[in-house]
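Take a look at the letters that make up each chain.
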Amino acid sequence: MKSISRVTRKFIYALLFLAPTSVFSEASDYNMPVGVTEVSKEIFDLHMLIMWICVWIGVVVFGIMFYSLFKYRKSTGAKASKIDDHFWLEITWTVAATLILVGMAIPSTTVMIKAYDDREGDINIMVTGYQWKWQYKYLEDDISFFSNLSTSQEQIDNDIPKGEFYLSEVDEPLVIPINKRIRFLITGNDVIHSWWVPDFAVKQDAVPGFINTAWTNVPKPGIYRGACTELCGIKHAFMPVVVRAVEQEEYDAWVVEKIALAEAERLLNEKVWTKAELVERGEGVYLKNCVACHQTNGQGLPPVFPALVGSEIVMRDKTRNIEILMEGVRGAAMQSFANQLSEVDMASVITYTRQSWSNGKNGDGEIIIPQEIVDYKNKVDL
Amino acid sequence: MSSPQPYYVPESSKLPFAMAVTMLVLIIGASTTVKPELGPFGDNSYLVLLTGFLMMWTTMFFWFSQVVKENNEGLNNNMLNNSYYYGMAWFIFSEVMFFFAFFLALGYIRMFAVPWLGGEGEKGIANMLWPGFEAHWPLMITPDQAAFPGPAEEMSLGTAYSHGGLAGVLGWIPLYNTVLLLTSSVTVHIAHIGLKNGNRKQFNLWLAITLVLGYAFVALQAYEYYEAYTHMGLTLKTGVYGTTFFMLTGFHGFHVCLGAIILTVMLIRGLKGHFSHDDQFGFEAGSWYWHFVDVVWICLVAFVYVM
Amino acid sequence: MSTIVETHDDHGHHGPAKGLTRWLYTTNHKDIGTLYLWFSFLMLFIGGAMAMVIRAELFEPGLQIVQPEFFNQMTTNHGLIMVFGVIMPAFVGLANWMIPMQIGAPDMALPRLNNLSFWLLPMAFGILISTLFMPAGGPNFGWTFYAPLSTTYAPDTVTFFIFSVHVMGASSILGSINIITTILNMRAPGMTLMKMPLFVWSWLITAYLLIAVMPVLAGTVTMMLMDIHFGTSFFDAAGGGDPVLFQHIFWFFGHPEVYIMILPAFGIVSHIIETFSRKPIFGYSSMVYALTSIAVLSFVVWAHHMFTVGMPLAGELFFMYSTMLIAIPTGVKVFNWVATMFRGSISFETPMLFAIAFVSLFTIGGFSGLMLAIVPADFQYHDTYFVVAHFHYVLVPGSLFGIIAGVYYWLPKWTGNMYDETLGKLHFWLSFFSVNLTFFPMHFVGLAGMPRRYPDYALQFADFNAIVSVGAFIFGFTQLLLLFIVIKSIRTGKKASDEVWEDTKDWGLEWTLDSPPPYHSFTVQPEVK
Ligand code: HEA
Ligand code: HEA
Ligand code: CUA
Ligand SMILES: [Cu+2]
């Protein structure tokens, strides 16, 4: 149970949010985060400015209104005047409102132009929204990976206590160096998503087929958390964004390591795999990539997400099984995993689904080895 | 000083409710026809749709007969007639806005979407996703030829000319369609003048000519579609050129049909001796509608066929 | 505005038919108005119950009550039902009741069409709501149904959704044609446009907006239908289309739509404020010009809902400026209301309380709207609860309070019976308190970063969400009181006088009629001087 006093205290703070802003400089629970970048700070100031102007107009307008309500109560014998217009008064307030708006528009325009700037960055990263994860592709280096929610289903289902970063944690965050101009090329793979990191004041829709750009320049190392903000289906709330900003040296080391890992992965294709090894590896891949839809027990969530247990394709139709994983199903949430999984992972996850639950017993029990995936890729390329 | 209220307010009527139920049947019929899984009727879903249409035509028939009957009984005074005029005018305005949505879509696609996909303009970076795609209008090669194979040929005036010169232009169907429809606007006007002057013969004759022109238009349009589908590889599924082409001309054609049906009814009423020089709402509404489809057609020629 | 009415009877002083068929076949504007109002009331409870599901799920972090799939169906249908099933029909119901009475007409111009407009609604909503019980589930793509989530990735039932939107649209268009025709054609002699009551004016403008944009909505869903079933590529880049095109067309409809949901409330509130301030509305003509300018501007601001879709810079700036401009005519209206109260003789009956709450809370919603219009700041606000706070402020204590105020104001005229003032005040204060408790903290969670349409959220948002949910439950249950008050006044309310309120004869023709008014309002045209 949350303590009542904490709730009330927060509420009172929040109302005090009308007090000078300097009091709450860091990210707060009830105001826009100031953020870390130049743009985010300017946007914060703009936000406070506009809000204050509105508050003051409100004070004046409501002041006059409540004064009238109080002063001209019928119960105190107030007599109504018959005046029903006043030309100059109306002109005055119309002009006043216009001037205030012009005053707001000028700083807004300045900040907007700055935030918009779509020149190339020192580092250019392609951000692709998938149902329901993010892919990050570093255009200069040959690095590409997926970033999935790492909060466990048990936490979501309230079976175990929730961690500190409940729903704002991922298995592999985006890594960027500080003090570099980073440009994001944002797009979507299936439906529209929206990539948002409040501390950078970057929010851009990921529209399938088109590319939006955004940029940032982070001065401070740290972990910055954001979210998908465009309704994208069932797991819209479960595809957070996490960015790790690090010193340049750390970044360089990370790049080297990433590239080496990818190379090691490729070497695995040559290895001779046993069924048990494939199944074991496949389980890990399955838990990371497939459970969101087909569930841990393989039962799916019919009618939208079919069960893999007892599926004809998974039990008997090997060719089609590979094809579905490689190509996806157009128009369904089942996307192509060809670019998401290495050949090894692909082979092992298919093998896993063909061997697990009751499928191994009832189906043809065939396994798939990485070479088959490589062959499939070569065939399609022709 | 006050005038007694002359306005005719009909007693309660079963027709509107019948029409509402009809719409229910139509929704169910239409949805299950395009997606049989949605209902229990399976492959027979189209029968529900058909029933809906039958109900609709029946209800409309009784409704309009009722109005005509009231009119002939002299229940409609000037004010009520004015209501009908206002109603029709605003209805046409709503139709204008319906077409506006499709023209807006066409404009956006041509001015923004396609150029951006092809790497032009402020958002041209999108071309990274469609390597090799180039922006042209009419769009013959789509960004993803596998998903939406582009058309083999298209309908524009420019192409007709560049392929066949003057002969090409003379063989260009929209040219004849334009002539037909523009003429029919004039003939319907002549019919109108006839009615105003009490010249029933002129009215019937010129209205009949209008109808012939109108139906000829529909026939030519159907022929054009036939050509597109069978010989030009141009269908709804050939990317956004086919999409906008068929949707715009299709809805227009549909409205021409409606207008023609309305005017046919008016001709029948004319032959029966309805209308007089100061009582001709039904006909005028039909002719307004006819002029409206004419104007839409001119926009179509400009934006779909020529530009 | 003073009026003379002579009542002498000529033809057809017939009363209503009896039984169910009275309601099915009626062509009477009051019967149809009543139908609309009850329909809207029913929908309020259905849409409200969905909001309760949403709030119950969001009371705490974690998934407790519903799964995300069903949650999405709830937000979507809550939005759709509230917009198309509650606010719009309620306004049309009020228009049906009041416009003929305010302009001195016997009935609406096209009575049979009027019946059709109403009966289309239960058909459309019947289908829409029934999809929730189908195996594939109901619409789950938000009330804004962005493609391709609503096309390629939609549940099969989207087809039912599309056709029911068509039918709702048809209902609105026919209803508006009727209203606009009534206003333009049926005014009593002497009632020039600039003498029309403001409610009538607001509906004239609203009806115009409706006729202009409902067909565009119909076009939008038609394009969806084609993309889904007939292989077109309006919203698919692979064929040369663009998902963002959907949003442009949708919001070309959608933004005027939000003004459709507020303008009639402006009209209602203007009447109530003048009645209970006992002073004619300040700046009548500027009120009319303001309504007109809002309507005109509303066509050129649509893309302020799309600041993050990636428009070119010039577009972002254009839509920011045009949106900000709307604050001017809206401000003029607010200032005029305040000026009407100024030096009035004010009393605080329930309708007035709701009207005052309307003016202040709508203005707060307007301010947050203005903040949203500031493009760079909207990058932070967009699709968070700050937006949800904004639109609930303009819609709940805005439109909904406007409607409730109108109901309290005119109910005694309709039924001939007074409502219970004490209960009315209780209803007001409970609503006022809980509506703020519900929607004010949403500003905070939104700014702190909680996205909308989330069935589950990070821990730092927990406290405010709990407060919001408590407020929502109180507000929901308070509306049961409204139901009780209405029924009680119909059944056992004290007789109301013909004027109902003090000296209302000055404020419009409706008060010159009996309470309840005769079945055909003005069988003799009154003359307005
Ligand atoms: C009744 C409905 C209604 C009304 C009246 C308004 C009124 C306004 N709205 Fe709102 N709006 C919605 C309903 C409404 N809105 C809905 C439903 C959504 C969300 C849709 C969705 O995504 O689901 C939305 C979303 C929305 C957005 C998109 C936010 C986003 O998604 O990121 C924006 C952005 O500009 C916006 C702006 C405005 C503005 C500037 C006004 C202005 O009209 C307000 C003008 C009023 C005032 C400013 C107050 C009074 C004025 C004065 C006292 C004068 C002096 C003031 C000054 C000079 C500042 N609205
Ligand atoms: C006109 C409009 C209107 C009205 C009146 C309301 C009223 C309310 N709305 Fe909502 N709302 C919208 C229009 C409206 N809303 C729209 C357009 C959206 C966006 C949808 C989208 O994202 O697509 C939205 C979204 C929305 C959300 C965000 C959902 C999300 O993003 O995930 C929330 C969350 O709290 C919410 C809450 C409420 C609450 C608590 C009320 C309360 O005011 C409701 C009060 C309840 C009642 C009046 C009913 C009383 C009923 C009972 C007490 C139960 C008894 C009934 C039975 C026994 C059957 N609404
Ligand atoms: Cu991805 Cu929401
Ligand atoms: Cu808007």
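All values reported here derive from a predicted model rather than from experimental measurement.

Here we look at the site of ligand 1
Residues and elements named next belong to chain C. Close to ligand 1 lie 33 residues; W143, Y259, D378, H382 and H390 are nearest. Within the backbone of A373, an N or O atom sits 3.3 Å from an oxygen atom of ligand 1. Counting residues per element, the shell around ligand 1 draws most heavily on helix α12 (residues 350–373), which supplies 8 residues. Here the shell around ligand 1 is composed, by residue class, of 20 nonpolar, 11 polar and 2 charged.

Here we look at the confidence of the model for chain B
With 98% of its residues at a pLDDT of 70 or more, chain B has an overall mean of 89. Interface scoring of the predicted complex returns ipTM 0.91; its pTM is 0.92.

Quick look at the environment of V304 of chain A
Residue and element names in this part refer to chain A. Relative to the elements of secondary structure, V304 occurs in the loop between α7 (291–294) and α8 (312–316). Taking relative accessible area as the criterion, V304 reaches 47% and is therefore assigned partly exposed. Each C-alpha atom of the pair V304 and H294 lies 9.8 Å from the other, and the pair is 10 residues apart in sequence.

Things to note about the coordination of the iron atom of ligand 2
Residue and element names in this part refer to chain C. Around the iron atom of ligand 2, the protein contributes the donor atoms H78 (NE2) and H392 (NE2), which lie 2.0 Å from the metal centre. One way to put it: the 6 donor atoms around the iron atom of ligand 2 meet at angles of 88 to 179°, and that makes the site octahedral. In this pair, H78 sits in helix α3 (residues 68–103) while H392 sits in helix α14 (residues 385–415), placing the two residues 314 residues apart along the sequence. Accessibility expressed as a relative area gives 13% for H392, which makes it buried.

What to know about the packing of helix α6 (residues 198–229) of chain C against helix α9 (residues 284–297) of chain C
All names here are of chain C. Viewed as axis vectors pointing N to C, α6 and α9 meet at an angle of 15°, and their least axial separation amounts to 10 Å. With respect to each other, α6 and α9 are oriented roughly parallel. α6 and α9 meet at a crossing whose hand is right-handed. Between α6 and α9, the residues in contact are L198, W201, S202, I205 and L209 and Y284, M287, V288, L291, T292 and A295, respectively. In terms of residue class, the contact of α6 with α9 is built from 9 nonpolar, 2 polar and no charged.

Overview of the site of ligand 2
Residues and elements named next belong to chain C. Close contacts around ligand 2 come from 31 residues, with R55, H78, W143, H392 and R453 the closest. Within the side chain of R55, one N or O atom sits 2.7 Å away from an oxygen atom of ligand 2. Between ligand 2 and R453 there is a distance of 2.6 Å, counted from an oxygen atom to a backbone nitrogen or oxygen. Split by residue class, the shell around ligand 2 holds 20 nonpolar, 8 polar and 3 charged.

Concerning the coordination of the iron atom of ligand 1
Residues and elements named next belong to chain C. For the iron atom of ligand 1, the protein supplies a single donor, H390 (NE2), at a distance of 2.1 Å. In this structure the copper ion (ligand 4) is found 4.5 Å away from the iron atom of ligand 1. In this fold, H390 is placed in helix α14.

Considerations on the interface of chain B and chain C
Each partner contributes to the interface: chain B provides 72 residues, whereas chain C provides 78 residues. In total, about 6,600 Å² of surface goes out of reach between chain B and chain C, with carbon and sulfur atoms giving 73% of it. Summed over the shared surface of chain B and chain C, the result is 2 salt bridges. Between E70 of chain B and R112 of chain C there is a salt bridge, with its nearest N and O atoms 2.8 Å apart. For the pair chain B and chain C, the number of links is 10 residue pairs in polar contact (both at pLDDT 80 or more). Ranked by residues supplied to the side of chain B that touches chain C, first place goes to helix α3 (residues 78–117) of chain B with 24 residues. Taken together, the residues of the side of chain B that touches chain C break down into 48 nonpolar, 15 polar and 9 charged.

Topic: a nonpolar patch on the surface
All names here are of chain A. Side chains of F87, W88, I91, V95 and L99 sit close together on the surface and give an oily, nonpolar patch of about 560 Å² of accessible area. Following the sequence through the fold, V95 ends up in helix α3 (residues 87–116). V95 gets classed as partly exposed once you look at its relative accessible area, which sits at 42%.

Quick notes on the pattern of salt bridges
Evaluated as defined, the whole model comprises 19 salt bridges over all chains. Two residues, D117 of chain A and R181 of chain A, come together in a salt bridge whose shortest N-O distance is 3.5 Å. Here R181 of chain A lies in the loop between β4 (174–177) and β5 (182–188) and D117 of chain A lies in the loop between α3 and β1 (123–130), a separation of 64 residues in the sequence. Its relative accessible area of 11% is what places R181 of chain A among the buried residues. Two residues, K35 of chain B and D156 of chain C, come together in a salt bridge whose shortest N-O distance is 3.6 Å. Pair noted here: K35 of chain B is in the loop between α1 (15–34) and α2 (45–72) and D156 of chain C is in the loop between α4 (111–130) and α5 (158–185), and the two residues belong to different chains.

Definitions and limits used
- Residues numbered from 1 in each chain as written.
- Chains lettered and ligands numbered in written order.
- Predicted model: local features only at pLDDT ≥ 70, side-chain atom pairs only at ≥ 80, totals over all residues.
- Heavy atoms only, no water.
- Near = heavy atom within 4 Å.
- Polar contact = N/O pair within 3.5 Å; in protein donor to acceptor, adjacent residues only side chain to side chain.
- Helix = DSSP H or I, 4+ residues; strand = E, 2+ residues; numbered from the N terminus.
- Nonpolar A, V, L, I, M, F, W, Y, C, P; charged D, E, K, R; others polar.
- pLDDT = per-residue confidence, 0-100.
- Buried < 20%, exposed > 50% of the residue type's maximum accessible area, 1.4 Å probe, protein only.
- Donors = N, O, S within 2.8 Å, 3.2 Å for Na, K, Ca; no water.
- Tetrahedral: all angles 85-135°; square planar, octahedral: opposite > 155°, others 65-115°.
- Axes fitted to C-alpha atoms, helices over the stretch in contact; angles between N-to-C directions.
- Parallel < 35°, antiparallel > 145°, perpendicular 65-115°, else oblique.
- Left-handed = near helix turned anticlockwise from the far one by under 90°.
- Contact = heavy atoms within 4.5 Å.
- Buried area = accessible area lost by both parts, 1.4 Å probe.
- Salt bridge = Lys/Arg side-chain N within 4 Å of Asp/Glu carboxyl O.
- Patch = residues over 30% accessible without salt bridge, like charges linked within 9 Å, V, L, I, M, F, W, Y side chains within 5 Å.
- Areas by Shrake-Rupley, 256 points an atom, 1.4 Å probe, with all protein chains shown as cover.

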